[in-house]
Amino acid sequence: MVAALLSMSAAMAQTNEKGWSYALEGGIGSQLELGGRAQYSQNQYIALDLPVVKYNLDYTDGTSHELKLMAGVRGYSPEFGPNLKGLLAIDLGYGGTTSSQSDWTSCFAFDLTVGVHINRNLYAGYGFGMLTKDGGKHKDHVLRIGWNF
């Protein structure tokens, strides 16, 4: 099964950049982050993230949880070096947070990724996430690593 998935992802990478693909990513920094997205590539430089789902866990106390449901746009640079491409992604949407001290709180969610595709499937970069509500903000800074299928 793993070989089939790798073969499919390699075949997708070698065809035209237009169409659907999927990604899973994780991050570590001020929080532990797990996420996934469906992505529709318009061309080799622009893609739409529809939808993006992210879960964050504050590992300092283990009781604070965040969930984000977003959509956005992702831009790629022309290739430089051996299969390297720069990337910038901006996602906006709905988010929420809960902890042992508070119930679910709905928020506006914002997420930014700046990084580089190391090859057609693997990417890494800096991630910034923010939840805002009524003037209050919660910010996260993470190192993200992801895999496109």
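Whatever comes next refers back to the structure up there.
Colleague: I keep staring at the overall build of the chain and nothing clicks. Help me out?
Modeller: Looking only at helices and strands, the chain features 1 helix and 8 strands. A fraction of 48% describes how many contacts in the chain between residues 6 or more apart in sequence connect residues 24 or more apart. Just so you have it, the chain exposes about 7,900 Å², and 68% of that area is on carbon and sulfur atoms.

Colleague: Teacher, can you tell me more about a nonpolar patch on the surface here?
Modeller: A cluster of nonpolar residues, Tyr45, Ile46, Val73, Leu88, Ile90, Leu92, Phe108 and Val114, forms a patch on the protein surface that exposes about 640 Å² of accessible area. Of all the elements in the fold, those that place two or more residues in the nonpolar patch are β5 (85-99) and β6 (102-117). Ranked by residue count, the leading element in the nonpolar patch is β5, at 3 residues. Secondary-structure assignment places Tyr45 in the loop between β2 (32-41) and β3 (46-58). For Tyr45, a relative accessible area of 34% gives the class partly exposed.

Colleague: Looking at this structure, how should I read the pairing of β5?
Modeller: The side chains of a regular strand alternate between both faces of the sheet. In this structure, strand β4 (residues 64-76) lies alongside β5, joined through 12 bridges in antiparallel fashion. Directly across from Arg74, in β5, lies its bridge partner Ala89. Strand direction decides the pairing type here: β5 and β6, joined by 14 bridges, are antiparallel. Within the sheet, the bridge partner assigned to Tyr94 lies in β6 and is Phe108. What sits between β5 and β6 in their antiparallel hairpin is a turn of 2 residues.

Colleague: Help me out: how do you make sense of the pattern of salt bridges in this one?
Modeller: Where charged atoms of side chains with opposite charge meet at close range, the side chains can pair. A complete count under the given rule lists 10 salt bridges for this structure. Linking Arg37 and Glu25 is a salt bridge whose minimum nitrogen-to-oxygen distance equals 3.7 Å. With Arg37 in strand β2 and Glu25 in strand β1 (residues 19-29), the pair connects residues that are 12 residues apart, well separated along the chain. Accessibility assignment for this pair places Arg37 and Glu25 in one class, buried.

Colleague: Looking at this model, I keep getting lost on unusual backbone geometry. Mind explaining?
Modeller: Among all residues save glycine, negative phi is the norm, and among peptide bonds the norm is trans. Omega for the peptide link from Leu50 to Pro51 comes to -20 degrees, which places this bond in the cis form. In this structure, Pro51 sits in strand β3. With a phi close to 65 degrees, Asn83 is a non-glycine residue in the positive phi region. Mapped onto the fold, Asn83 is located in the loop between β4 and β5. We classify Asn83 as partly exposed; its relative accessible area is 43%.

Thresholds applied
Here the residue numbers are simple positions, counted from 1 along each chain's written sequence. The predicted origin of the model limits local features to residues at a pLDDT of at least 70 and limits the giving and counting of side-chain atom pairs to 80 or more, whereas totals for whole chains, interfaces and linings rest on all residues. Note: side-chain values were computed over all heavy atoms of the structure, leaving out hydrogens and water. By the criteria applied, helices consist of DSSP H or I runs no shorter than four residues and strands consist of E runs no shorter than two, each listed in order from the N terminus. Should any heavy atoms of two residues lie within 4.5 Å, those residues are counted as being in contact. Surface accessibility follows the Shrake-Rupley procedure with a 1.4 Å probe radius. Residue values consider only the protein chains on display as shielding. Exposure above 30% relative accessible area and the absence of a salt bridge qualify a residue for a patch, where like charges join within 9 Å and nonpolar side chains (Val, Leu, Ile, Met, Phe, Trp, Tyr) within 5 Å. Each salt bridge in this description consists of a side-chain nitrogen of Lys or Arg and a carboxyl oxygen of Asp or Glu lying within 4 Å of one another. Burial classes follow relative accessibility: with a 1.4 Å probe on protein chains only, a residue under 20% of its type's maximum area counts as buried, one over 50% as exposed, and anything between as partly exposed. Strand pairing is assigned whenever DSSP identifies at least 2 bridges connecting the two strands.

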